Amino acid sequence: MCAKRIKNLAVFASGKGSNFTALLLASEKKKINGKIVLLVSNREDAGALETARAHGIDCCVMDEKRFRSAEEYAGELKRKLESCQTDYILLAGYLKMIPVSVIRAFRERILNIHPALLPKFGGKGMYGLKVHEAVLEAGEKETGVTIHFVDEEYDHGPMIMQKKVRVHKGDTPETLQKRVLKQEHKLYPLAVKRLCEDRISVAGGRVVVR
Ligand code: GRF
């Protein structure tokens, strides 16, 4: 049987990038059949950029405001992704909407991780501690992690994997975030592992994992 081609992965991150680090370690330790070829950020001060540079990964800061139009920005982003022969885009705490033309060019090849059990506690404005605050305010007994394909709506697209996390009595948004994040660091590399082994597909809007 011939070995499967190593997939080229582009990670998008706006923040400290702990999920990016988890994916990077999994790739470097050859736990996934994928190589991170590009780190895209919209912020010059993103912690993920520092990590990427230290590991010799090609980095690109894409601030839409610096482009003359949305089309020019999307075109440049697409060109960059194509020049790295990107197979999959992995959103890891990326706080900007992906241009529709990029979503169409990479249909069912863009993943996102969300720190709650979607479809609950997702959508515009639901990021960072706000998610965990909302979970606690709603009195939920459990929350978790969701990994899904990206479509044109925020936190929407076909669901790939979920992992539940119990809410403890006395949890604060910070303690809950910490426990959820720990699971994120396990689940994202696992989902990407399966993806890079060609074990994840979409049929009739639903994900099939082999
Ligand atoms: C994570 O909670 C992720 O689920 C969400 O944004 C956060 C990013 O955290 N989309 P980090 O930058 O990977 O530490």
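This structure is a prediction, so every number in the text was calculated from the model and none was measured.

1. Considerations on the site of the ligand
And then number 1: Within the structure, the ligand sits among Lys 16, Gly 17, Ser 18, Asn 19, Gly 93, Ile 113, His 114, Pro 115, Leu 181 and Glu 184.
And then number 2: Ile 113 is positioned such that a nitrogen or oxygen atom in its backbone is 2.8 Å from a nitrogen atom of the ligand.
And then number 3: The contact in question runs from an oxygen atom of the ligand to an N or O atom on the side chain of Glu 184, over 2.7 Å.
And then number 4: Protein chains shield 84% of the accessible area of the ligand, which is 370 Å² for the free molecule.
And then number 5: Judged by the fraction of its atoms near the pocket grid, the ligand is located in the largest pocket.
And then number 6: Going through the elements one at a time, helix H1 (18–28), strand E5 (110–114) and helix H6 (173–196) are the ones with two or more residues in the shell around the ligand.
And then number 7: Residue composition of the shell around the ligand, by class: three nonpolar, five polar and two charged.

2. Some thoughts on the pairing of strand E9 (residues 206–209)
Looking along a regular strand, one sees the side chains alternate between the two faces of the sheet.
And then number 1: Summarising the sheet, strand E8 (residues 200–203) and E9 pair through four bridges and their orientation is antiparallel. The partner of Ala 203 across the bridge, within E9, is Arg 206.
And then number 2: As consecutive antiparallel partners, E8 and E9 are separated by two residues, and within that stretch Gly 204 has a phi angle of approximately 60°, a positive value.

3. Examining the pattern of salt bridges
And then number 1: For the coordinates displayed, the defined rule picks out 15 salt bridges.
And then number 2: Arg 68 is the salt-bridge partner of Glu 72, the closest N and O atoms lying 3.1 Å from each other.
And then number 3: According to the relative accessible area criterion, Glu 72 is partly exposed, its value standing at 29%.
And then number 4: Residue Arg 68 is classed as exposed on the basis of its relative accessible area of 77%.
And then number 5: One salt bridge connects Glu 197 with Arg 199, and the closest N-O pair in it is separated by 3.0 Å.
And then number 6: Residue Arg 199 is classed as partly exposed on the basis of its relative accessible area of 28%.
And then number 7: Residues participating in the shared-partner salt-bridge network are Arg 104, Arg 107 and Glu 152.

4. Examining the packing of H1 against helix H2 (residues 47–54)
When two helices pack together, you describe them by how their axes are tilted relative to each other and by the distance separating the axes.
And then number 1: Their axes nearest at 9 Å, the elements H1 and H2 cross at an angle of 20°. Between H1 and H2, the crossing angle belongs to the class labelled roughly parallel. Between H1 and H2, the residues in contact are Phe 20, Thr 21 and Leu 24 and Ala 48, Thr 51 and Ala 52, respectively.
And then number 2: Residue composition of the contact of H1 with H2, grouped by class: four nonpolar, two polar and no charged.

5. Structural notes on the packing of aromatic side chains
The geometry of an aromatic ring pair is captured by two quantities: the separation of the ring centres and the angle between the planes.
And then number 1: Taken as a whole and judged by the stated rule, the model has two aromatic pairs.
And then number 2: An angle of 80° between the planes, with centres 5.1 Å apart, marks the rings of Phe 12 and Tyr 94 as edge-to-face. Taken together, the residues span a long stretch of sequence, with Phe 12 in strand E1 (residues 7–12) and Tyr 94 in the loop between strand E4 (88–91) and helix H4 (100–105) at a distance of 82 residues.
And then number 3: The exposure class of Phe 12 is buried, given its relative accessible area of 0%.

6. Looking at the layout of surface pockets
And then number 1: Empty space within the largest pocket amounts to approximately 850 Å³.
And then number 2: As for the largest pocket, its lining consists of 36 residues, and the residues nearest its centre are Gly 93, Tyr 94, Leu 95, Tyr 127 and Gly 128.
And then number 3: Residue assignment for the lining of the largest pocket shows that the elements contributing at least two residues are H1, E5, helix H5 (129–137) and H6.
And then number 4: Partitioned by chemical class, the residues of the lining of the largest pocket number 16 nonpolar, 13 polar and seven charged.
And then number 5: Ser 27, Glu 28, Lys 30, Gly 34 and Lys 35 are the residues nearest the centre of the second largest pocket, which is lined by 13 residues in total.
And then number 6: Elements supplying a minimum of two residues to the lining of the second largest pocket: H1 and strand E2 (34–41).

Reading the values: rules and limits
- The numbering scheme is per chain: residues are counted from 1 as the chain's sequence reads.
- In keeping with the predicted nature of the model, local features appear solely for residues at pLDDT of at least 70, side-chain atom pairs appear and are counted solely at 80 or more, and the whole-chain, interface and lining totals rest on all residues.
- As a rule here, side-chain values cover all heavy atoms of the structure and leave hydrogens and water aside.
- Nearness is judged by heavy atoms alone; a residue qualifies as near a molecule or strand once a single heavy atom is within 4 Å of it.
- In the analysis that follows, any N or O atom pair within 3.5 Å is treated as a polar contact, provided that within protein one partner can donate a hydrogen and the other can accept it, and provided that, for residues neighboring in sequence, both atoms belong to side chains.
- In this description, accessible areas are obtained by the Shrake-Rupley approach with a 1.4 Å probe, and a residue is regarded as covered only by the protein chains that are shown.
- Residues are said to line a cavity or pocket when one of their atoms sits within 4 Å of a point; the points come from a 1 Å grid over protein atoms alone, cavities being sets where a 1.4 Å probe fits but cannot get out and pockets being open sets with protein on both sides within 12 Å along at least five of seven lines.
- In this scheme, a molecule is assigned to a cavity or pocket if more than half of its atoms are within 2 Å of the grid points.
- Numbering of helices and strands starts at the N terminus; helices are DSSP runs of H or I of at least 4 residues and strands are runs of E of at least 2.
- Note on residue classes: Ala, Val, Leu, Ile, Met, Phe, Trp, Tyr, Cys and Pro are nonpolar, Asp, Glu, Lys and Arg are charged, and everything else, Gly too, is polar.
- Strand pairing follows a simple DSSP-based rule, namely that at least 2 bridges must link the two strands.
- We define a salt bridge as a side-chain nitrogen of Lys or Arg found within 4 Å of a carboxyl oxygen belonging to Asp or Glu.
- Residue exposure (1.4 Å probe, protein chains only): buried if accessible area is under 20% of the type maximum, exposed if over 50%, otherwise partly exposed.
- Think of each axis as a best-fit line through the C-alpha atoms, taken over the contacting stretch in the case of a helix, with angles from 0 to 180 degrees between the N-to-C directions.
- By definition in this entry, angles of less than 35 degrees are roughly parallel, angles greater than 145 are roughly antiparallel, angles of 65 to 115 are roughly perpendicular, and the rest are oblique.
- A contact between two residues is defined here by any heavy atoms of the two lying within 4.5 Å.
- We call Phe, Tyr and Trp rings a pair once their centres come within 6.5 Å, taking the six-membered ring for Trp, and we label the pair stacked below 30 degrees between planes, edge-to-face above 60, and tilted otherwise.
- Grid points are joined across faces, edges and corners, and a volume is the space filled by probe spheres set on the points.

Function cannot be read off these values alone, since they describe shape.
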